[in-house]
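Next come the chains, spelled out residue by residue.
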Amino acid sequence: MRVHLIFLTILIGAGASECTLHTQTPLPTADEVVATMRIRDGARETASGGYTGRREYVLENHRFNKRAEMLVGITCDRNGEKRFEVISEDGWKSADKRVLRPMVETELDSSRPQIRAKNRINSENYSFRMIQTSPIEGRMSYVIEAIPKREDKSLFRGRIWVDTEDYALARVEGAPAKNPSFWTKSVHFVQQYHKSGPFWFPVATTSITEARIFGATTVDIHYFDYAPNSASVPGLVGPVPTEAVYAKN
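Structure report, in brief.

Basis of the calculations
- Residues numbered from 1 in each chain as written.
- Predicted model: local features only at pLDDT ≥ 70, side-chain atom pairs only at ≥ 80, totals over all residues.
- Heavy atoms only, no water.
- Core = buried A, V, L, I, M, F, W, Y, C linked by side-chain atoms within 4.5 Å.
- Buried < 20%, exposed > 50% of the residue type's maximum accessible area, 1.4 Å probe, protein only.
- Helix = DSSP H or I, 4+ residues; strand = E, 2+ residues; numbered from the N terminus.
- Contact = heavy atoms within 4.5 Å.
- Pairing = 2+ DSSP bridges.
- Salt bridge = Lys/Arg side-chain N within 4 Å of Asp/Glu carboxyl O.

### Some thoughts on the nonpolar core
Then, in step 1: Judged by nonpolar contacts, the single largest core of 28 residues is most densely connected at I121, F128, I144, F156, I160, V162 and L169.
Then, in step 2: Elements represented by at least two residues in this core include exactly α3 (30-48), β4 (126-136), β5 (139-148), β6 (156-163), β7 (169-176) and β8 (184-196).
Then, in step 3: No other element matches the five residues that β4 contributes to this core.
Then, in step 4: If sequence neighbours within four positions are ignored, L169 has contacts with M37, I121, I160, W161, V162, Y193 and W200.
Then, in step 5: Judged by nonpolar contacts, the second largest core, of 19 residues, contains Y51, I74, A95 and V219.

Below you can see the structure in the form of structure tokens.
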């Protein structure tokens, strides 16, 4: 079961009023948007100096009517390397041991600098194609198709939404570039981001795995109580509630 859901940590809907590419003002290319996003992300990481916070993992298996919960604390250094502390666990013990804890351990490993480069959303790992622009929570985003350049469980095939003003990720949706296991029929994930002060962090991640034996299993991750390590960050109006866990960056 571990292999069915481990992809969630190595990663790191369009509305009815979508704007298509047929606009009067030409849009930047997808490669230009992603390149600018990487520059802006680097500046935000430097400004934050890392962060601390907490996450809640909730796993539900629908075939066996099982549920597991885990609360963890996280500390991230300014170089992106993470440390985790399990605060509490409840529910299906087997899932805690075989799925949730391995997910945390895998994310810890993938946060190491030499590994992060292999998972970043950049031109070394993906080809990009501009689709359209679309509103998310009252802000416009570029919708870009991300096509992995290799079959790799740590990469994904899907779409990213990049805020047109801040050039930050607003949403990521897709599936693994490589099926995690023979026992896995499919995996689909959605990660949503929200702006807090000058930073953009995920507020929720949902992954649904269809497995041959276990059926449908859902993992929801909620992010809260996050704050940058920097004592003074220009433009920050309050504590940062969430953080970027997606290991694609």
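Let us keep going from here.
### What about the pairing of β5?
Then, in step 1: Looking at chain direction, β4 and β5 are connected through 10 bridges and run antiparallel. Bridge pairing links Q132 to V143 in β5.
Then, in step 2: Between β4 and β5, which pair antiparallel and follow one another directly, the connecting turn spans two residues, one of which, E137, has a positive phi of 50°.
Then, in step 3: Pairing between β5 and β6: six bridges, direction antiparallel. For V143, the partnering residue across the bridge sits in β6 and is W161.

### Brief notes about the pattern of salt bridges
Then, in step 1: According to the stated counting rule, one finds 19 salt bridges in the structure shown.
Then, in step 2: Residue D41 pairs with R44 through a salt bridge whose shortest N-O separation is 2.8 Å. In this pair, D41 and R44 both sit in helix α3, three residues apart, roughly one turn of the helix.
Then, in step 3: Between R54 and D225 there is a salt bridge whose closest N-O contact spans 2.5 Å. Placement of the pair is R54 in strand β1 (residues 51-61) and D225 in strand β10 (residues 215-228), with a sequence separation of 171 residues.
Then, in step 4: A relative accessible area of 48% places D225 in the partly exposed class.
Then, in step 5: When salt bridges with common partners are traced through the structure, they connect R139, D163, E165, D166 and K195 into a single cluster.

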